[in-house]
Amino acid sequence: MSYTIGFQAKNQKAVLATEAATANQAVAIIAALRQSADEIKFIRSPQEGDMGIEMLLLLAKEEAEEMPQRA
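All values reported here derive from a predicted model rather than from experimental measurement.

Draft legend 1. Main features of the environment of I53. When you line up the elements, I53 lands in helix α2 (residues 53–66). Residues I53 and I30, 23 residues apart in the sequence, show an inter-C-alpha distance of 8.6 Å. If sequence neighbours within four positions are ignored, I53 has contacts with I30, R34 and I43.

Given below as structure tokens:
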């Protein structure tokens, strides 16, 4: 499932967006954006619609549980 993360860079008026292929990638992008003082404006997926960070974390957890374990 793909995710779009909308954010506003510090001291900028424009809202920018980036794409992530998985929930885990989206969580990593959000963590990086938060460290650089960017404001998260929205998180969206075609299947789930708009969501909050808590929902994304839940989806990332479910995604990790579904992935085959590597030996």
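Draft legend 2. Main features of the pattern of salt bridges. If you walk through the whole model with that rule in mind, you get 2 salt bridges. Ionic pairing is found between R44 and D50, a salt bridge with its closest N-O pair at 2.5 Å. Relative accessible area serves as the criterion here: at 35%, R44 is assigned to the partly exposed category.

Draft legend 3. Main features of the packing of helix α1 (residues 23–35) against α2. Running from N to C, α1 and α2 cross one another at 140 degrees; their axes reach a closest spacing of 8 Å. Looking at the two axes, α1 sits oblique to α2. Two packed elements cross with a definite hand, and for α1 against α2 that hand is left-handed. Here A23, N24, A26, V27, I30 and R34 of α1 lie close against α2, whose contacting residues are I53, L56, L57, L59, A60, E63 and A64. Class assignment for the residues of the contact of α1 with α2 results in 10 nonpolar, 1 polar and 2 charged.

Draft legend 4. Representation of α1. Its 13 residues give α1 an end-to-end C-alpha distance of 19 Å, which sits within 8% of 18 Å, the value for a rise of 1.5 Å per residue. Inspection of α1 places A23, A26, I30 and L33 among the buried residues, and these make up the whole buried set. Viewed along the axis of α1, the buried residues span an arc of 80 degrees, placing them on a single side of the element. Contacts from the buried residues of α1 go to β1 (3–8), β2 (15–20), β3 (39–45) and α2.

Draft legend 5. A look at a negative patch on the surface. Among the surface-exposed residues, E48, E62, E65 and E66 lie close enough to one another that they form a single negatively charged patch. Examined against the element boundaries, E48 turns out to sit in the loop between β3 and β4 (49–51). With a relative accessible area of 39%, E48 lands in the partly exposed category.

Basis of the calculations
- Residues numbered from 1 in each chain as written.
- Predicted model: local features only at pLDDT ≥ 70, side-chain atom pairs only at ≥ 80, totals over all residues.
- Heavy atoms only, no water.
- Helix = DSSP H or I, 4+ residues; strand = E, 2+ residues; numbered from the N terminus.
- Contact = heavy atoms within 4.5 Å.
- Salt bridge = Lys/Arg side-chain N within 4 Å of Asp/Glu carboxyl O.
- Buried < 20%, exposed > 50% of the residue type's maximum accessible area, 1.4 Å probe, protein only.
- Axes fitted to C-alpha atoms, helices over the stretch in contact; angles between N-to-C directions.
- Parallel < 35°, antiparallel > 145°, perpendicular 65-115°, else oblique.
- Left-handed = near helix turned anticlockwise from the far one by under 90°.
- Nonpolar A, V, L, I, M, F, W, Y, C, P; charged D, E, K, R; others polar.
- Expected span 1.5 Å × (residues − 1).
- Arc of directions from axis to C-beta.
- Patch = residues over 30% accessible without salt bridge, like charges linked within 9 Å, V, L, I, M, F, W, Y side chains within 5 Å.
- Areas by Shrake-Rupley, 256 points an atom, 1.4 Å probe, with all protein chains shown as cover.
- Lys, Arg positive; Asp, Glu negative; His and termini not counted.
- Charge placed at Lys NZ, Arg CZ, Asp CG, Glu CD.

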